[in-house]
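Per-entry structural report
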Protein chains: 4
Amino acid sequence: MFEYKPFIRKANYYETDQMAIVHHSNYIRWMEEARVDLMDQIGFPLSRLEAEGIVIPVLMVEAEYKSMVKFDETVVIKITTEKYDGIRLYLNYEISNKETGQLRTLCKSGHCFLNDKGRPISLKKVCPEIHEKFVDTLELLK
Amino acid sequence: MFEYKPFIRKANYYETDQMAIVHHSNYIRWMEEARVDLMDQIGFPLSRLEAEGIVIPVLMVEAEYKSMVKFDETVVIKITTEKYDGIRLYLNYEISNKETGQLRTLCKSGHCFLNDKGRPISLKKVCPEIHEKFVDTLELLK
Amino acid sequence: MFEYKPFIRKANYYETDQMAIVHHSNYIRWMEEARVDLMDQIGFPLSRLEAEGIVIPVLMVEAEYKSMVKFDETVVIKITTEKYDGIRLYLNYEISNKETGQLRTLCKSGHCFLNDKGRPISLKKVCPEIHEKFVDTLELLK
Amino acid sequence: MFEYKPFIRKANYYETDQMAIVHHSNYIRWMEEARVDLMDQIGFPLSRLEAEGIVIPVLMVEAEYKSMVKFDETVVIKITTEKYDGIRLYLNYEISNKETGQLRTLCKSGHCFLNDKGRPISLKKVCPEIHEKFVDTLELLK
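These numbers were taken from a predicted model, which means no experiment stands behind them.

1. What about the relation of the copies chain D and chain C?
For the match of chain D to chain C, the screw axis carries a shift of 0.0 Å, the RMSD comes to 0.0 Å, and the turn is 180°. When the rotation and shift are considered jointly, the pair of chain copies conforms to a two-fold rotation axis. No C-alpha of chain D approaches the rotation axis more nearly than that of D:Glu62, which lies at 2.2 Å.

2. A word on the relation of the copies chain A and chain B
After a rotation of 180° and a shift along the axis of 0.0 Å, chain A superposes on chain B with an RMSD of 0.0 Å. The residues that chain A uses at the interface reappear at the interface of chain B in 100% of cases, marking a shared surface.

3. Quick word on the interface of chain A and chain B
Taken together, the contact pairs 22 residues of chain A with 22 residues of chain B. Broken down residue by residue, the surface that chain A buries against chain B is led by A:Met19, A:His24 and A:Arg29, which jointly contribute 25%. Joining chain A to chain B, the criterion identifies zero salt bridges. Taken together, the connections running from chain A to chain B amount to 12 residue pairs in polar contact (both at pLDDT 80 or more). With eight residues, strand E2 (residues 58–65) of chain A is the single largest residue contributor to the side of chain A that touches chain B.

4. Describing the interface of chain D and chain C
Listed as interface residues are 22 residues of chain D and, on the opposing side, 22 residues of chain C. A buried area of about 1800 Å², summed over both sides, lies between chain D and chain C, and 55% of it is on carbon and sulfur atoms. Of all residues in chain D, the largest losses of buried area upon contact with chain C belong to D:Met19, D:His24 and D:Arg29, amounting jointly to 26% of the total for that side. Counting across the chain D and chain C interface gives 12 residue pairs in polar contact (both at pLDDT 80 or more). If you list the elements that add at least two residues to the side of chain D that touches chain C, you get helix H1 (26–42) and strand E2 (58–65) of chain D. Looking at which element gives the most residues to the side of chain D that touches chain C, the answer is E2(D), with eight residues. Along the lines of polarity and charge, the residues of the side of chain D that touches chain C split into 11 nonpolar, five polar and six charged. As defined by bridge partners, strand E2 (residues 58–65) of chain C adjoins E2(D) across five bridges and the pair is classed as antiparallel. Residue C:Glu62 lies in a different strand from E2(D), and its bridge partner there is D:Glu62.

5. Overview of the side chain of B:Glu15
If you trace the backbone, B:Glu15 turns up in the loop between strand E1 (7–10) and helix H1 (26–42). Here the side chain of B:Glu15 touches B:Asn12 through a polar contact of 2.8 Å, landing on its backbone nitrogen. Other than its neighbours up to four places away in sequence, B:Glu15 contacts B:Arg9, B:Lys10, B:Ile21, B:Val22, B:His23, B:Asn26, B:Trp30 and C:Tyr14.

6. A word on the pairing of E2(D)
Residues and elements named next belong to chain D. Counting buried residues in E2 gives six out of eight residues, a clear majority hidden from the surface. Sheet topology note: the E2/strand E5 (residues 103–111) ladder contains seven bridges and is antiparallel. Residue pairing for E5: Val58 is matched across the bridge by His111.

About the cut-offs
Residues numbered from 1 in each chain as written. Chains lettered and ligands numbered in written order. Predicted model: local features only at pLDDT ≥ 70, side-chain atom pairs only at ≥ 80, totals over all residues. Heavy atoms only, no water. Least-squares fit on C-alpha atoms with pLDDT ≥ 70 in both. Contact = heavy atoms within 4.5 Å. Buried area = accessible area lost by both parts, 1.4 Å probe. Salt bridge = Lys/Arg side-chain N within 4 Å of Asp/Glu carboxyl O. Polar contact = N/O pair within 3.5 Å; in protein donor to acceptor, adjacent residues only side chain to side chain. Helix = DSSP H or I, 4+ residues; strand = E, 2+ residues; numbered from the N terminus. Nonpolar A, V, L, I, M, F, W, Y, C, P; charged D, E, K, R; others polar. Pairing = 2+ DSSP bridges. Buried < 20%, exposed > 50% of the residue type's maximum accessible area, 1.4 Å probe, protein only.

Here is the structure:
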């Protein structure tokens, strides 16, 4: 059975700004790293999907900054599923300090699925295999 | 009287990703550029505020992607005020193509004000001069 | 006759790091901005070249940091041609403070030309029109 | 005895550009990641040095691009010492594909050491403990 492991990463020096904290824009990139890692864990790496002509663009993002990440800090990024219906996918991200568990940022991203012509598709109809896997695994992340 | 000029900038090559569009994280940075420019226009450059010990951290951001920006495209970023009460500041951003006016992204950012000890302050109490200017100019951006 | 105008830009907040200076990696991106701008000035925008199937990848970069750029500082990036022979292009960049003229960074980039199959081409043979223009204008930047 | 482990990391989606390869500026950042990791391995994390008032700015960088890194590719970044004399530090970086060993990029960075007043220092004189460790470990990376 699928067992999700939250994504772990360190804050890089080049990600800090002159407030001596990680610049707020980087969390949007960290979300993507955690999402790519989730797809790897599910068994449908983004690179494989793109090779098959399926792109998963970002429709929206949100981030709520609770406390600041500093250089060299290790954070855990835990994804949970808000919604997946075969056409839209909404994920929540909880970014926290690995040592203390202190909450850093709450994020959210929304996605649809496009074919190689850039047309929105129903993953449920076009790729039932991936869809089933998504339903199974994303259900566990609720 | 204050007359706001929306911020204009071109999409850089290094801001594209392998979908051949501007990577979605960059809009969060563009918001900041437009915000910094707004502060310049108001007459309180961020660098001056920071020199006076006032920092304006980001509490939250949101972005809703409506259509994609391509390399070399020129966009207009227009800021409007959602709320300003001396303690919190919420801004809306409308990013659109300069030629066609087509809407690209709707964004939002929320801020508070910190003193040089990192403590939240009421700009209204601590810096009435800036506060008054903010009230006057941000009112015009509603 | 072609008259080259050096590229001017401000340092963004998100480009600073916790040393409170622009992170050294960003100058590599600024080089690209200045190069793209040069191509626009010459009359062969990169976007047009890419549309015609010609890509100008980067073979090498160098940067020597002389003094630091701070947030909100305006810099002038002046390009000069080191070498252009139709197959390879080497450019030098001098980044300096706009107000004082103080030198910030000396950079260099090297390029070749690829067709839409990713094969190196001689611009001289494949696109004599662009080549002639390059020879004329780049000569002036020596 | 100190045994150096080269730094390993994956290419992120947001690091690609519209040529569908990692943008060349990112290798400059990867160098930093590998350098920070080296300092951790040596036992003098950059964050500890900065806490003690020692900053290691970048004087120069060079990168020679041999072949392209794609999204999701895992690279190995191996550092070797070119020179260390207590005042200046020059490092070489070999970035290669983890699976095939194919060379991707050759890089170099040069550094000096500053105290908390921003003055250049001789690490040999000011921090003999760190200096000795550097001599010992960097010697092994030749």
